[in-house]
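A look at the structure
In case you want the letters, here they are:
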Amino acid sequence: MPNKTRRLIGFLPLLILLLNAAPCHALIYDGGSPTGNGPILTNNSTTTWAAARFMLNSDAYGTRFGTALYRMNYIPGAGFDVYLTTTLSNVPSSAIAHWTLTPTGTATTYYYGEAESPILLRANQVYALVITPNCDGFSGAVSYAYKPGAAYLGLGSGDYGQTWRYLGMPLSVQVDGWFVPEPGSLGILILGLTGTVAFKHNRRKAVG
């Protein structure tokens, strides 16, 4: 067998390991299919803010955080502030990240906030996306989600996050990113790298 072919076969398992261990950007949380209607959020009303909670079963890095939104009226530049948080108290000051999302129409559409850098999301930690109007006079809505067996219903607040009540359905949110490789996978990758380097070193010694 030619040396070039032998080397290619030797690197093939390592290539497979690297491909499996590399970050794969995908949907890591899906809150359910948007229903097209949901709580209308506007300042000085019975529902000023809404919160969609979610939890992951494994550690992951989040890169994009989406919410299904639509606007009821148009004010130039008006939309929603969306906060990623682990607590529903003092949300703006305690948030992990914050985005401004501006719905462009009255049809339900997913809008996404991009993380400046990947955000580590811990397994079994409850997170929330809190949606708030960012302009007086603006009215818009976050869509309910159809998700049988959903762990968390949406939450609504009429006093800007001081108290919260359950809404009738979950809210439509999504998170993109990748799951952290399991320790076993990392060990196999390191073992594969070490073995390959050792193989090449010994081969050079044998040739020399």
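Let us look at the structure shown here. Not measured: the values here are computed from a predicted model.

Side note on the overall build of the chain
Helix and strand counts for the chain come out as three helices and 14 strands. Counting every position in the chain, which comprises 208 residues, the buried fraction comes to 40%. When the accessible surface of the chain is split by element, carbon and sulfur atoms take 58% of a total near 11,300 Å².

Topic: the packing of aromatic side chains
Taken as a whole, this structure holds seven aromatic pairs when the rule is applied. Between F80 and F138, the aromatic rings sit 5.3 Å apart at their centres with planes inclined by 80°, giving edge-to-face as the arrangement. Here F80, found in strand 6 (residues 80-85), pairs with F138, found in the loop between strand 9 (127-133) and strand 10 (140-142); they are 58 residues apart in sequence, far enough to count as distant. For F80, a relative accessible area of 0% corresponds to the buried category. Under the relative-accessibility criterion, F138 is labelled buried at 1%. With 5.8 Å between their ring centres and 20° between their planes, Y110 and Y112 make a pair best called stacked. Of the residues examined, Y112 reaches a relative accessible area of 27% and is grouped as partly exposed.

As for the sheet that holds strand 6
Strand order in this open sheet of six strands is 7-6-9-4-12-13, and the pairing throughout is antiparallel. This sheet does not close on itself; its edge strands, each paired only once, are strand 7 (97-101) and strand 13 (165-166). Here strand 12 (residues 155-157) runs beside strand 13; their pairing, made up of two bridges, is antiparallel. Bridged to G156 within strand 13 is R165.

Let's talk about the pairing of strand 5 (residues 60-71)
Taking burial as the measure, the twelve residues of strand 5 include ten buried ones, the bulk of the element. Alignment of strand 5 against strand 8 (residues 109-121), held across nine bridges, turns out to be antiparallel. Looking at the pairing, R64 lines up with E114 of strand 8. With three bridges connecting them, strand 5 and strand 10 associate as antiparallel partners. By the bridge assignment, L69 is partnered in strand 10 with V142.

Some words on the nonpolar core
One finds F54, F65, L84, W99, L121 and L129 to be the most contacted residues of the largest nonpolar core, which totals 31 residues. Going through the elements one at a time, strand 1 (26-30), strand 4 (49-54), strand 5, strand 6, strand 7, strand 8, strand 9 and strand 14 (173-179) are the ones with two or more residues in this core. No other element matches the four residues that strand 8 contributes to this core. Apart from residues no more than four positions distant in its own chain, L121 is found in contact with I28, F54, L56, S58, D59, A60, G62, F65, L84, Y127 and V175. With eight residues, the next largest nonpolar core counts A51, V91, A128 and L155 among its residues.

Rules and cut-offs
- Position numbers for residues start from 1 in each chain and track the written sequence from start to end.
- Whole-chain, interface and lining totals are the exception, using all residues; otherwise, since this is a predicted model, local features are given only for residues with pLDDT of at least 70 and side-chain atom pairs are given and counted only at 80 or more.
- Side-chain numbers come from the whole structure's heavy atoms, not from hydrogens or water.
- Each helix is a run of H or I in the DSSP string that is no shorter than four residues. Each strand is a run of E no shorter than two, and both are numbered from the N terminus.
- Only protein chains enter the accessibility calculation, which uses a 1.4 Å probe; a residue is then buried when its area is under 20% of its type maximum, exposed when over 50%, and partly exposed in between.
- Surface accessibility in these figures is a Shrake-Rupley result with a 1.4 Å probe; residues are shielded only by whichever protein chains are displayed.
- Paired rings are identified among Phe, Tyr and Trp, the last through its six-membered ring, by centres lying within 6.5 Å, and are further divided according to the angle between planes into stacked (under 30 degrees), edge-to-face (over 60) and tilted (the rest).
- Any two strands are treated as partners once DSSP identifies two or more bridges connecting them.
- Within this scheme, the nonpolar core is defined by two criteria: the residues are buried Ala, Val, Leu, Ile, Met, Phe, Trp, Tyr or Cys, and they are joined through side-chain atoms within 4.5 Å.
- We call two residues in contact when some of their heavy atoms are within 4.5 Å.

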